[in-house]
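# Fold and contact review
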Amino acid sequence: MKKILDNPYIILIARIILGYIFITYGAGKISNPEKFASEIANFALVPEFTLNILALILPWVEFLAGVFILFGIRLKSSSIITGGLMILFVFSVAWAMAMGLDINCGCSSTNPQKVGLPKLLENVGLFTLSLYIFLFPNKRFSLESFTE
């Protein structure tokens, strides 16, 4: 079973999926921080004075973590970041669902998605990909494999 899970092609596919999502969603938020700040505010989870700084920093963290995952740079560290973000996003969506909020998840400014069970399951799936990459950080097909 470990041989199947440690397959470099499966890990590459997981990296492409996770990296693509983090890059595209992060880039969309970078281009429109005002909208992202208002979407963060809709969750009512953080103090108002932190909204602007979160809207400026969080998208860059997402974008860079996605680039690192996609290109196989520091896979364990990058997957910890993406996994931590996914835990935060799972909690936020679950919170909004529990509070009965009918809001966008804030994931993408170009493709707004409502909070709900499909979004929650998608986030859990992306967390699972992060965990998989953390547990099996095969560096084949990565930029780091050229430096070893």
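Residues numbered from 1 in each chain as written. Predicted model: local features only at pLDDT ≥ 70, side-chain atom pairs only at ≥ 80, totals over all residues. Heavy atoms only, no water.

### A word on the overall build of the protein
Our working definition: Only DSSP runs of H or I covering at least 4 residues are called helices, and only runs of E covering at least 2 are called strands; the numbering of each starts at the N terminus. Note on method: radius of gyration uses C-alpha positions; expected globular size equals 2.2 Å times residues raised to 0.38.
Per the secondary structure count, the protein includes 6 helices and 0 strands. For the protein, the α and β elements follow one another from N to C terminus as α-α-α-α-α-α. In summary, the protein has a C-alpha radius of gyration of 16 Å against a globular reference of 15 Å for 148 residues, a match within 12%. Overall size of the protein, expressed as C-alpha extent along the three principal axes, is 45 × 30 × 25 Å.

### A closer look at the packing of aromatic side chains
For any pair of aromatic rings, the description rests on two quantities: the centre-to-centre distance and the angle between the ring planes. Just so we agree on the cut-off: Note on aromatic pairs: the rings of Phe, Tyr and Trp (six-membered ring only in Trp) are paired at centre separations within 6.5 Å, and the planes decide the class, stacked below 30 degrees, edge-to-face beyond 60, tilted for the rest. Geometrically, a lysine NZ or arginine CZ counts as sitting over a ring once it is within 6 Å of the ring centre and also within 35 degrees of the ring normal.
Counted according to the given criterion, the structure contains 3 aromatic pairs. In this structure, K76 is placed above the aromatic ring of F134, and the distance from its NZ or CZ to the ring centre is 4.0 Å.

### Here's the deal with the side chain of K119
How we decide: Buried, partly exposed and exposed residues are distinguished by accessible area as a fraction of the type maximum, computed with a 1.4 Å probe on protein chains only: under 20%, between the cut-offs, and over 50%, respectively. Contacts were defined at the residue level, with two residues in contact if any of their heavy atoms lie within 4.5 Å.
Relative to the elements of secondary structure, K119 occurs in helix α6 (residues 117-135). For K119, a relative accessible area of 3% gives the class buried. In this view, K119 contacts Y25, V93, C105, C107, Q113 and K114; residues no more than four positions away in its chain are not counted.

### A short note on the state of the cysteines
Rules: The term disulfide is used for any two cysteine sulfur atoms that are within 2.5 Å.
In the structure shown here, the tally under the stated rule is 1 disulfide. Disulfide partner of C105: C107, at an S-S distance of 2.4 Å. Take C105: its relative accessible area is 10%, and that puts it in the buried class. You can call C107 buried: its relative accessible area is 11%.

The analysis is restricted to geometry; functional conclusions fall outside its scope.
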